[in-house]
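Chain by chain, the residues:
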Amino acid sequence: MSAASCLLTEDQFLCSICLDVFTDPVSTPCGHNFCKTCISDHWGSKFPFQCPNCNKFFKARPELQVNTFISEMAAQFRQSAQQKASSSSSESKPGEVPCDICTGTKLKALKSCLVCLDSYCETHLEPHLTRSGLKRHQLIDPVENLEGRMCTKHDKLLELFCKTDQMCVCMLCTILDHKPHDVVPLKEEYEGRKAKLGKTEAEIQQMIQKRQLKIQEIKHSVKLSEEDADREIADGVQVFTALKESVERSQAELIDTIKEKQRKTKKQAEGFIKELEQEISALKKRSTEVEQLSQSEDHFHVLQSFTSLNAAPPTKDWTEVSVCPLSFERTVVRAVNQLEETLSKQMKKLLAEAELKRVQQSAVDLTLDPDTANPWLILSDDVKQVKHCKVKKNLPDNPERFDTCVNVLAKQGFSSGRFYYEVQVKGKTKWDLGVARGSINRKGKVTATPQYGLWMIWLRNENDYEAREDPPVRLSLKSRPEKVGVFVDYEEGLVSFHDVDAAALIYSFTGCSFTEKLYPFFSPCNNGGKNSAPLIISPVNNRE
């Protein structure tokens, strides 16, 4: 029996109604086989009775008996098919669509049929791939709830899409409820939606990339913030350590001063005491001699010794002599005042050094822009130096060039963030330095005030420094800068100038409102003999 079943094909054991292996197979008078339940349900109360396969009519409902031979063959085939399926297919797992036909272990479905509204494993899918009547059925990747794809009102497949109501409909819906509406096949709407989904997916991916870049930007900002915090902590520790050492030195000096005063007072008191003790010793000796003489009965001896004993021994008048307890109140006050003054100076110096180190972290590499240079200026080959020359150059008068004032701008401009650069001014008696907005007047006289887009300081007559505010602010500098640092915080509205070597703040423009790109501004001024040295953009060496 087993050998014989191997020669039979799968179609011979499938009921043409349920498309599954026979269960209780019965034969009709015309010789065709069906599951007993399937043919009974198919006929129901219909009349006349007709064979589903050959369409032969029967006058009366045939009496159906189970075909034991076919039943045994089907049982063996079912067992063989299940063994084959279990070796080539896998049991459906949670989240996977199970086969609707499997009666025992539910295997994983490979396809779902939109006509039969069932999902099939590899074995039960075979008829849809081989039988001509089933090949026309529409197969899709396995999905659950195929009944949901049927129109609940007309019990027809939802194979059209109503654009008017934005819903899936069946063929009868288009004739009845959706007759005047814009209806297209599901596939057509699917293609359109798929294209939109592709575009949406591209937009989503672009949004993801932007957010990933933003994450990197934020992480970079956090890293920079951590580095700034570490530097600030290091600078703070350095400042407070220096202040602490200064306080400890002042404390030690105060203690030494007080102890020295106390030592001198004690030494003076000890000297007085020693003198007094010496006088007391001498007086005691004379007292003894006087007592002995007063007790003598020798008239001659008393008279002879009386004159020498009657004279007072040499002693000091101690009436005005005293040792006053020392008062150290003024000593402490003076020491604290001196410490306060020292700390104030030292703190200002340390803070200026820390501030310079901080702004130097924003150093940028600058070069001069030849297109903006006045014709009386000469730039070095590396465009890092500028000085006044004695011969005016023949240059095109382009819109960017300063035609009257001997000025030049940097090629690099900044419209956000912070930037810092240093300029050597050593050996010069006149110079201008600062930043200018891009729209600054390049033709004729340039008004050097923030109102006209220029934030700068200058030197005149070797020691006459001014911040070009409106009105100008005279600057009193303790030393003559040889290298000037310029720092700009665009968002903060700050432009500050620093004496790099002295680590001292020269001047700050605060509360500025920047709306344009800012360009570093340079003017070596006219060459008056002593002012022939160039302005030099110098590399920034952080003061570690």
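Residues numbered from 1 in each chain as written. Predicted model: local features only at pLDDT ≥ 70, side-chain atom pairs only at ≥ 80, totals over all residues. Heavy atoms only, no water.

Engineer: Any chance you could break down the pattern of salt bridges for me, citing the residues and the numbers?
Structural biologist: Where charged atoms from two side chains of opposite charge approach closely, those side chains can pair. Enumeration over the complete set of coordinates arrives at 18 salt bridges. The shortest N-O distance in the salt bridge between E353 and K349 comes to 2.6 Å. Of this pair, E353 and K349 both sit in helix α9 (residues 329-360), 4 residues apart, which is roughly one turn of the helix. Here K349 falls in the partly exposed class, since its relative accessible area comes to 47%. In this structure, R468 and E466 form a salt bridge, with 2.8 Å as the shortest nitrogen-oxygen distance. Like E466, R468 is buried. (Salt bridge = Lys/Arg side-chain N within 4 Å of Asp/Glu carboxyl O. Helix = DSSP H or I, 4+ residues; strand = E, 2+ residues; numbered from the N terminus. Buried < 20%, exposed > 50% of the residue type's maximum accessible area, 1.4 Å probe, protein only.)

Engineer: So what about the layout of surface pockets? Which residues, and what values?
Structural biologist: A water-sized probe, rolled over the atoms, reveals where empty space remains. What the largest pocket holds in volume is close to 610 Å³. For the largest pocket, the lining is made up of 23 residues, of which A352, K478, A503, A504 and L505 are closest to its centre. For the lining of the largest pocket, the secondary-structure elements that each account for two or more residues are α9, β20 (494-499) and β21 (504-509). It is α9 that provides the largest number of residues to the lining of the largest pocket, a total of 8 residues. Residue classes in the lining of the largest pocket are distributed as 10 nonpolar, 6 polar and 7 charged. Of the volumes computed, that of the second largest pocket is approximately 480 Å³. Lining the second largest pocket are 14 residues, with L114, Q138, I140, R149 and L186 positioned closest to its centre. Looking at the lining of the second largest pocket element by element, the count peaks at 3 residues for helix α7 (residues 186-294). (1 Å grid on protein atoms, 1.4 Å probe; cavity = no way out; pocket = protein on both sides within 12 Å on 5 of 7 lines; lining within 4 Å. Points joined across faces, edges and corners; volume = space filled by probe spheres on them. Nonpolar A, V, L, I, M, F, W, Y, C, P; charged D, E, K, R; others polar.)

Engineer: Can you tell me about the sheet that holds strand β10 (residues 183-185), naming the residues and giving the values?
Structural biologist: Taken together, the 3 strands give an open sheet; going across it, the order is β9-β8-β10, and neighbouring strands pair in antiparallel fashion. With one partner strand each, in any of the chains shown, β9 (167-169) and β10 form the two edges of the open sheet. Direction aside, the axes of adjacent strands within the sheet are offset by 35° on average. With 3 bridges connecting them, strand β8 (residues 160-162) and β10 associate as antiparallel partners. Its bridge partner lying in β10, L160 is registered against P185. Most of the contacts of α7 go to β10, to which it runs at about 85°, and overall it touches β8, β9 and β10. (Pairing = 2+ DSSP bridges. Axes fitted to C-alpha atoms, helices over the stretch in contact; angles between N-to-C directions. Contact = heavy atoms within 4.5 Å.)

Engineer: How would you explain the side chain of R442 if you had to name every residue and give the values?
Structural biologist: With respect to the secondary-structure elements, R442 resides in the loop between β15 (431-437) and β16 (454-460). One buried charged residue, R442, remains without a salt bridge, the closest side chain of opposite sign being E400 at 6.2 Å. In this structure the side chain of R442 is engaged in a polar contact, spanning 3.2 Å, whose partner is the backbone oxygen of I440. Setting aside residues no more than four positions away along its own chain, R442 makes contact with T372, P399, E400, R401, F402, D403 and L409. (Lys, Arg positive; Asp, Glu negative; His and termini not counted. Polar contact = N/O pair within 3.5 Å; in protein donor to acceptor, adjacent residues only side chain to side chain.)

Engineer: Give a detailed account of the packing of aromatic side chains, specifying residues and quantitative values.
Structural biologist: On inspection of all chains with the given rule, the structure shows 11 aromatic pairs. Each ring, one from W455 and one from F514, has its centre 5.1 Å from the other, and the planes form 80°; the classification is edge-to-face. Placement of the pair is W455 in strand β16 and F514 in the loop between β21 and β22 (518-523), with a sequence separation of 59 residues. With respect to class, W455 is no different from F514; both count as buried. The interplanar angle of 80° and the centroid separation of 5.2 Å between the aromatic rings of Y507 and F509 together place this pair among those described as edge-to-face. (Phe/Tyr/Trp six-rings, centres within 6.5 Å; stacked < 30°, edge-to-face > 60°.)

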